[in-house]
Amino acid sequence: MNPANEKNVSSALPDQSETSTLHWWKRWPDWVPYATIIWTLAYGVLGLYWWVGGQGFPLGLVNDPGAAHSLFRQAAAADGGLLIACLCLLGAMAMLLLNRKARGITRAIMLLYAWSAAMVLCFAIPDPRALIGMAYAPVSLIGAVFGQSLHYLDFFTWPVVNQYICLIGGLLWAATALTYQRHTRDACRHCGRNKGHTLRRMNAVTRLGRWATYAAILAPLYYDITRIAWLLGIPFGITDEMLYSLQASGADWAGAGLALVSIGGAFLTHGLIKPWGESFPRWFPILGGRRVPPALAVIPAGFVAILLTVTGIQVILEFTMSGDFQNWGGTTPLLLMPVWGIALGTATICYYYRRQEQCRQCA
């Protein structure tokens, strides 16, 4: 065989590191449909269990007193469990059809169902408690160092855990929908590239990612300023009475802690457009100089972007009904959360596409 041909053949075959389980995320279009159908069937079984009277139905004020801000606060196990089981069964049947290549109206219906399932699971079921649980993790860790216990684990009741489970299911459905969408438009399932992929399009993605990243960095600045001001004893945007109440309960320290988490998040967000977001700095312990796996940034950033958007939308709905302008410093900074979440999500998607290497599947 011609040596040049041998080289081409060998380059087309995945190397041992590529097939390693350490790089499972690179092969996500291959396994994510199976993970999605397993999740769907498992959650459908839970729906049947709740329908027949099983304990632990996670939706509705009757079962979850903290669900006052949930879109499903009126849900009941008798009807909700059956609806969940039926929708999951329908979803499992749809997954079988998603393995086939379709065109026209059939393709449109399948994509509508898959993306709708992803949107409901990601944006309708979670409420602000899902974001609060993540945001208070570093605050609780810092408090524990200084001997202050926030009883962090007590926050994760079963209804809150269920929100994370549904969020994972929504991400699986979104990945499945994306894979099917790529496959049915004759693009590579792994990278999304087709014959229309051009350098000009990638340059546009880079520019969009830069602007989205700066927007995601600046969006929480208003929130950070107000919370740090309260810690310093400045009643910025709130009454003196509310400031005294925050100081008496220690909530001013909690707010400042969340502001510091936000500032740290802004620093990490900046890495989406900086060289150190692609390779660890030389001074970084153990990993210095090595390539940053894209999933290390994409997964947590995407997760946070969804929760920020969900929380922000519910904050806007509550603000329009309550209209608390007296303590505007406590409420108006939260109105920027949807901007923050959408900007962070856009920046994350652009980072993902910018970090794509030459695809072994379609090269």
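See the structure printed just above.
Residues numbered from 1 in each chain as written. Predicted model: local features only at pLDDT ≥ 70, side-chain atom pairs only at ≥ 80, totals over all residues. Heavy atoms only, no water.

**Q** Residue-level account of the environment of Phe325, with values.
**A** Its place among the elements puts Phe325 in the loop between helix 11 (294–322) and helix 12 (328–331). Considered as a pair, Phe325 and Ile238 are 87 residues apart in the sequence and their alpha carbons are 9.2 Å apart. (Helix = DSSP H or I, 4+ residues; strand = E, 2+ residues; numbered from the N terminus.)

**Q** Can you tell me about the packing of aromatic side chains, naming the residues and giving the values?
**A** Each aromatic ring pair is described using two quantities: the centre-to-centre distance and the angle formed by the ring planes. For the coordinates displayed, the defined rule picks out 11 aromatic pairs. Centroid distance Phe156 to Tyr164: 6.1 Å. Interplanar angle 40 degrees. Geometry classified as tilted. Look at Tyr352 and Tyr353: their rings are 5.2 Å apart centre to centre, the planes differ by 70 degrees, and that puts the pair in the edge-to-face class. A relative accessible area of 26% places Tyr353 in the partly exposed class. Put simply, the rings of Trp39, Tyr43, Trp50 and Phe57 pair up and form one aromatic cluster. (Phe/Tyr/Trp six-rings, centres within 6.5 Å; stacked < 30°, edge-to-face > 60°. Buried < 20%, exposed > 50% of the residue type's maximum accessible area, 1.4 Å probe, protein only.)

**Q** Please set out the environment of Leu98 residue by residue, giving values where relevant.
**A** For Leu98, the position within the fold is in the loop between helix 3 (77–97) and helix 4 (104–124). When its relative accessible area of 7% is taken as the criterion, Leu98 is described as buried. Separated by 79 residues in sequence, Leu98 and Ala177 have C-alpha atoms that sit 8.3 Å apart.

**Q** Explain unusual backbone geometry to me, using residue names and the numbers behind them.
**A** Positive phi, close to 65 degrees, is recorded for Ile286, a residue that is not glycine. The residue Ile286 is located in the loop between helix 10 (251–270) and helix 11 in this model.

**Q** I'd like a rundown of the packing of helix 2 (residues 28–51) against helix 3, residues and numbers included.
**A** Contact geometry of helix 2 with helix 3 gives a least axis separation of 7 Å together with a crossing angle of 155 degrees. As the angle between them shows, helix 2 and helix 3 are arranged roughly antiparallel. Where helix 2 crosses over helix 3, the handedness of that crossing is left-handed. Residue-level inspection shows Pro33, Thr36, Ile37, Thr40, Leu41, Tyr43, Gly44, Gly47, Leu48, Trp50 and Trp51 of helix 2 in contact with helix 3, the latter providing Ala77, Ala78, Gly81, Leu82, Ile84, Ala85, Cys88, Gly91, Ala92, Met95 and Leu96. Its residues placed into classes, the contact of helix 2 with helix 3 shows 16 nonpolar, 6 polar and no charged. (Axes fitted to C-alpha atoms, helices over the stretch in contact; angles between N-to-C directions. Parallel < 35°, antiparallel > 145°, perpendicular 65-115°, else oblique. Left-handed = near helix turned anticlockwise from the far one by under 90°. Contact = heavy atoms within 4.5 Å. Nonpolar A, V, L, I, M, F, W, Y, C, P; charged D, E, K, R; others polar.)

**Q** Account for the side chain of Asn162, with residues named and values stated.
**A** The topology assignment puts Asn162 in helix 6 (residues 158–184). Within the structure, the side chain of Asn162 is placed 2.6 Å from the side chain of Tyr43, a separation counted as a polar contact. Filtering out sequence-adjacent residues up to four positions away, Asn162 remains in contact with Tyr43, Pro58, Leu59 and Ile125. (Polar contact = N/O pair within 3.5 Å; in protein donor to acceptor, adjacent residues only side chain to side chain.)

**Q** Requested: an account of the pattern of salt bridges, with residues and values cited.
**A** Taken as a whole, this structure holds 3 salt bridges when the rule is applied. One salt bridge connects Asp64 with Arg129, and the closest N-O pair in it is separated by 2.6 Å. A residue pair is termed long-range when its members are at least 10 positions apart, and Asp64 in the loop between helix 2 and helix 3 and Arg129 in helix 5 (residues 128–145) qualify at 65 residues. Classification of Asp64 as buried rests on a relative accessible area of 5%. Exposure remark for Arg129: the relative accessible area of 14% places this residue in the buried category. When the shortest N-O distance is used, the salt bridge between Arg354 and Glu278 registers 2.4 Å. Residue Arg354 is found in helix 13 (residues 337–354), and its partner Glu278 is found in the loop between helix 10 and helix 11; the two are separated by 76 residues along the sequence. Here the salt bridges share partners, and the residues they tie into one network are Asp64, Asp127 and Arg129. (Salt bridge = Lys/Arg side-chain N within 4 Å of Asp/Glu carboxyl O.)

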